[in-house]
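Okay, here's what each chain looks like letter by letter:
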Amino acid sequence: MFANAALVLGLAATVASHCTRPQLVEAVDSYLATQTSGKTAAFKARFDNSTWLGYYENAKKIDVDTGILNKPLAITHNRSLYDTTSCATYTEVIVNSTTDPYVIGTQLRFANHKINKVDMIVTKPGDWLFNITGYAYWVTQENWGTIPEEQRDTRDTIKKAADAYCDLFNNPNVTVPWGKPCVRLEGGLYGDPGPNGTCAGGVPSGVPLRNRRYVIDETVGAVDVMLDFGNSGWPDSHEFRIENGKIRYVHTMTHCGIPNCGLRFQRFD
Ligand SMILES: *[C@@H]1O[C@H](CO)[C@@H](O)[C@H](O)[C@H]1NC(C)=O
Ligand SMILES: *[C@@H]1O[C@H](CO)[C@@H](O)[C@H](O)[C@H]1NC(C)=O
Ligand SMILES: *[C@@H]1O[C@H](CO)[C@@H](O)[C@H](O)[C@H]1NC(C)=O
Ligand SMILES: *[C@@H]1O[C@H](CO)[C@@H](O)[C@H](O)[C@H]1NC(C)=O
Ligand SMILES: *[C@@H]1O[C@H](CO)[C@@H](O)[C@H](O)[C@H]1NC(C)=O
Ligand SMILES: *[C@@H]1O[C@H](CO)[C@@H](O)[C@H](O)[C@H]1NC(C)=O
């Protein structure tokens, strides 16, 4: 009797902590269908209300019924990371519209095979270097495809590369594994995509990147880090593609609540 109960509990714990790629893919499909239709009922039915951590847009916890998910958007691009270790996903969404464009980053977190946190960065005209034409174009020029198994970096290598980049903003002594080339897509502004492209230019100092939330997918060598940018704590997403331990691409979205973060045009991150 006691042994049986222990066995049942053990099994339950195993099942709860394990999530599969197909399950995560299905949840992201549901997220995308929801954002496309603006109808949230089926998505909300996937919430784990017993462990619920909240629905966030630009680092503000709000009621899902008042969120962007209720607005039908014609998504023109999406690409996702699936983290089967942390049971989490990240999706990059572009709405390439001339009248009402968006670039959105969405992290979903799971418990008991259900969604228990929705964490979004929602950017539109006025946000840091926002340029929908640039964003929509440049993502089509990059390769974020599956990396052959024998060439994959470990989870630890991928995370350390992203952390080195994020740490550099507050510590110039950090060694970052820069790829050659490395190119950054920042709101819509693109770096040098040529063979000499570098992401090392224009990194400021004294800018802490805090409260990092990671989604790591070794199959594509990528990690998304949502964070509070700088001392103002701007809601931000930095997504990295790592190849052979080195940073190949960086995508950033930053929401500041004031046009272009109150700054004149300058290379900033
Ligand atoms: C969780 O609560 C929301 C209301 O906030 C409800 O719409 C949804 O159906 C609930 N989900 C489940 C799985 O019970
Ligand atoms: C998301 O992207 C995939 C291709 O990567 C595409 O098949 C699918 O239709 C897209 N979904 C939406 C809602 O645009
Ligand atoms: C937006 O990006 C496109 C493509 O890179 C570029 O041609 C255009 O000049 C940019 N617009 C602004 C306002 O920077
Ligand atoms: C984005 O939309 C603009 C305006 O409709 C269009 O010219 C451009 O080709 C689109 N970009 C992509 C990558 O589809
Ligand atoms: C970076 O290195 C210099 C020279 O060794 C040192 O003076 C400085 O304190 C270091 N900065 C940090 C943030 O560790
Ligand atoms: C890249 O840098 C090398 C060495 O400085 C230089 O010879 C080459 O012309 C550069 N290539 C481009 C496309 O700028």
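About the criteria used
Residues numbered from 1 in each chain as written. Chains lettered and ligands numbered in written order. Predicted model: local features only at pLDDT ≥ 70, side-chain atom pairs only at ≥ 80, totals over all residues. Heavy atoms only, no water. Pairing = 2+ DSSP bridges. Helix = DSSP H or I, 4+ residues; strand = E, 2+ residues; numbered from the N terminus. Axes fitted to C-alpha atoms, helices over the stretch in contact; angles between N-to-C directions. Near = heavy atom within 4 Å. Polar contact = N/O pair within 3.5 Å; in protein donor to acceptor, adjacent residues only side chain to side chain. Areas by Shrake-Rupley, 256 points an atom, 1.4 Å probe, with all protein chains shown as cover. Nonpolar A, V, L, I, M, F, W, Y, C, P; charged D, E, K, R; others polar. Salt bridge = Lys/Arg side-chain N within 4 Å of Asp/Glu carboxyl O. Contact = heavy atoms within 4.5 Å. Buried < 20%, exposed > 50% of the residue type's maximum accessible area, 1.4 Å probe, protein only. Expected span 1.5 Å × (residues − 1). Domains from an automatic or database assignment. Buried area = accessible area lost by both parts, 1.4 Å probe.

Q: Got a minute to help me understand the sheet that holds strand β1 (residues 54–57) in this structure?
A: The pairing of strands in a sheet happens through backbone hydrogen bonds and is either parallel or antiparallel. Across the sheet, 6 strands lie side by side as β2-β1-β6-β5-β4-β3; this open sheet has mixed pairing. The open sheet has two edge strands with one neighbour each: β2 (60–62) and β3 (77–83). Recorded for the sheet is a direction-independent mean angle of 20° between the axes of neighbouring strands. Strand direction decides the pairing type here: β3 and strand β4 (residues 88–95), joined by 7 bridges, are antiparallel. Residue tyrosine 82 lies in a different strand from β4, and its bridge partner there is threonine 89.

Q: How should I be thinking about the site of ligand 1 in this particular structure?
A: The full set of residues close to ligand 1 is Lys44, Ala45, Phe47, Asn49 and Lys114. Asparagine 49 has a polar side-chain atom sitting 2.4 Å from an oxygen atom of ligand 1. Protein chains bury 47% of the 360 Å² of accessible surface belonging to ligand 1 in isolation. In the shell around ligand 1, the residues fall into 2 nonpolar, 1 polar and 2 charged.

Q: How do you make sense of the pattern of salt bridges when you look at a structure like this?
A: When charged atoms on two side chains of opposite charge get close, those side chains can pair. Under the criterion given, the structure shown has 17 salt bridges. Here lysine 117 makes a salt bridge to aspartate 119, at a shortest N to O gap of 3.7 Å.

Q: Looking at this structure, how should I read the sheet that holds strand β7 (residues 178–186)?
A: Spatially, 6 strands are ordered β8-β7-β12-β11-β10-β9 in an open sheet, and the strand pairing comes out mixed. The open sheet has two edge strands with one neighbour each: β8 (189–190) and β9 (209–217). Across 2 bridges, β7 lies against β8 in antiparallel orientation. Across the sheet, leucine 185 pairs through a bridge with tyrosine 190, a residue of β8. Here helix α5 (residues 155–168) sits on the sheet and contacts β7, β9, β10 (222–229), β11 (234–243) and β12 (246–254); the angle it forms with β9, its principal contact strand, is near 155°.

Q: Explain unusual backbone geometry here, please?
A: The phi angle of most residues is negative, glycine excepted, and most peptide bonds adopt the trans form. Cis rather than trans, the peptide bond between lysine 180 and proline 181 has omega equal to 0°. Its place among the elements puts proline 181 in strand β7. In this structure, histidine 113 is a non-glycine residue whose phi angle is positive, near 65°. The topology assignment puts histidine 113 in the loop between β5 (102–111) and β6 (114–123). Positive phi outside glycine occurs at leucine 129, with the angle close to 55°. Its place among the elements puts leucine 129 in the loop between β6 and α4 (132–139).

Q: I keep staring at the pairing of β1 and nothing clicks. Help me out?
A: Here is the key point about a regular strand: its side chains alternate between the two faces of the sheet. Residues Gly54 and Tyr56 line one face of β1 and the alternating positions Tyr55 and Glu57 line the opposite face, and both faces are buried. Relative to β6, β1 is paired through 4 bridges, and the arrangement is parallel. When the sheet's bridge partners are listed, glutamate 57 is paired in β6 with methionine 120. By the bridge criterion, 3 bridges tie β1 to β2 in an arrangement that is antiparallel. Residue pairing for β2: tyrosine 55 is matched across the bridge by isoleucine 62. The hairpin formed by β1 and β2 contains 2 residues between the paired strands, and asparagine 58 there has a positive phi angle of roughly 50°.

Q: Where do I start with α5 in this structure?
A: One full turn of an α-helix is made of 3.6 residues, so residues set three or four places apart face in the same direction. Over its 14 residues, α5 runs 20 Å from end to end, which matches the ideal 20 Å to within 8%, given 1.5 Å per residue. Taken together, the buried positions of α5 are Ile158, Ala161, Ala162, Asp163, Ala164, Tyr165, Cys166 and Leu168. Where α5 is buried, its residues touch β7, β9, β10, β11 and β12.

Q: What am I meant to see in the domain arrangement of the protein chain here?
A: Many descriptions give the size of an interface as the accessible area lost when the pieces come together. One can read the domain layout of the protein chain as domain 1 (2–138) and domain 2 (143–262). Placing the centre of domain 1 and that of domain 2 at their C-alpha centroids yields a distance of 21 Å. The interface of domain 1 with domain 2 comprises 33 residues on the first partner and 37 residues on the second. Summed over both sides, the interface of domain 1 with domain 2 buries roughly 2,900 Å², with 57% coming from carbon and sulfur. Sorting the residues of domain 1 by area buried against domain 2 places Trp128, Tyr135 and Trp138 first, and these three jointly supply 24% of that buried surface. Salt-bridge contacts for aspartate 217 lead to arginine 21; the nearest nitrogen and oxygen are separated by 3.3 Å. Joining domain 1 to domain 2, the criterion identifies 19 residue pairs in polar contact (both at pLDDT 80 or more). For the side of domain 1 that touches domain 2, the secondary structure elements donating two or more residues are β3, β4, β5, β6 and α4. Among the elements that take part in the side of domain 1 that touches domain 2, β5 stands out by supplying 6 residues, more than any other. For the side of domain 1 that touches domain 2, the class distribution of residues is 15 nonpolar, 11 polar and 7 charged.

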